[in-house]
Amino acid sequence: MAEQKIRVASSQDVAEGKLFATQANEQKLLLTRIQGQARAVVNRCPHMGMKMSRGELSDGVLKCPWHGSRFDFCTGANLDWVNAFAGVPMPKWTHGMISMGKSPAPLTTVPIEETAGEIFVHLDAQ
Ligand code: FES
C-alpha cells in the first residue's frame, strides 16, 4: 500500500507536553512533543473510540478523559486499562463493567517527521 506524507502542523503549533489536535485525510490525530521530539497518535481511544484531546498528558503518558486508561504516547502501549467513569476514579470491582468486555489495547501511533519548521505524518494512502 502506498504511503502519503501530509503536512499537519508547523513546529510552533506543537509544544512540549501540550496536546495539539488536527487531522489528515479525515484521520483525527493528536500531536505533542516529548523530550523535544514531535509525536503523533490517532485521536481515538482503543476502549470505546472516544477522542483523547481532553486527556491529561504527563511525563509522556496520556490518560483518557473518559475511563482513565493510560498510554505511553511514544509507543502507544497501554499502561493501565479502564478505572474511571467520566474522569472520576472508580473502585476496582467496577472496572470489568466499565471495560464493557473490551480487552486492553494500545493507542495507534503515527510516523511523524519534522523538517524546516513543518511537521508531517506518514499515512497509508486510502
Ligand atoms: S474511552 Fe478511553 S478509556 Fe474508555
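Predicted model only: the values in this text are computed from it and were never measured.

Rules used in this analysis
- Residues numbered from 1 in each chain as written.
- Predicted model: local features only at pLDDT ≥ 70, side-chain atom pairs only at ≥ 80, totals over all residues.
- Heavy atoms only, no water.
- Helix = DSSP H or I, 4+ residues; strand = E, 2+ residues; numbered from the N terminus.
- Buried < 20%, exposed > 50% of the residue type's maximum accessible area, 1.4 Å probe, protein only.
- Contact = heavy atoms within 4.5 Å.
- Pairing = 2+ DSSP bridges.
- Phe/Tyr/Trp six-rings, centres within 6.5 Å; stacked < 30°, edge-to-face > 60°.
- Lys NZ or Arg CZ within 6 Å of the ring centre and 35° of its normal.
- Axes fitted to C-alpha atoms, helices over the stretch in contact; angles between N-to-C directions.

## Concerning the environment of Ile 112
- Residue position: Ile 112 is located in strand 11 (residues 112–115).
- With relative accessibility at 24%, the residue Ile 112 sits in the partly exposed group.
- For the pair Ile 112 and Ala 38, spaced 74 residues apart in sequence, the C-alpha separation works out to 7.1 Å.
- Once residues within four sequence positions are removed from consideration, Ile 112 is found in contact with Leu 31, Ala 38, Arg 39, Ala 40, Ile 119, Phe 120 and Val 121.

## Observations regarding the pairing of strand 11
- Sheet topology places strand 11 next to strand 12 (residues 118–124); 4 bridges connect them, and they run antiparallel. Each residue of the ladder has a partner; that of Glu 114, found in strand 12, is Ile 119.
- As consecutive antiparallel partners, strand 11 and strand 12 are separated by 2 residues, and within that stretch Ala 116 has a phi angle of approximately 50 degrees, a positive value.

## What to know about the pairing of strand 12
- Judged by how many residues are buried, strand 12 sits mostly within the fold: 5 of 7 residues are covered.
- Here strand 1 (residues 3–10) runs beside strand 12; their pairing, made up of 7 bridges, is antiparallel. Following the sheet pairing, Gln 4 is matched in strand 12 by Leu 123.

## Here's the deal with the packing of aromatic side chains
- Tallied over the full model, the rule gives 0 aromatic pairs.
- The lysine or arginine in question, Lys 5, covers the ring of Phe 120, its NZ or CZ lying 4.7 Å from the ring centre.

## Quick word on the sheet that holds strand 4 (residues 37–42)
- Strand order in this open sheet of 3 strands is 2-3-4, and the pairing throughout is antiparallel. Two strands lie at the open edges of the sheet, namely strand 2 (20–24) and strand 4, each paired on one side alone. Recorded for the sheet is a direction-independent mean angle of 35 degrees between the axes of neighbouring strands.
- Here strand 2 pairs with strand 3 (residues 27–34) via 5 bridges, running antiparallel. Bridging across to strand 3, Gln 23 finds its partner in Lys 28.

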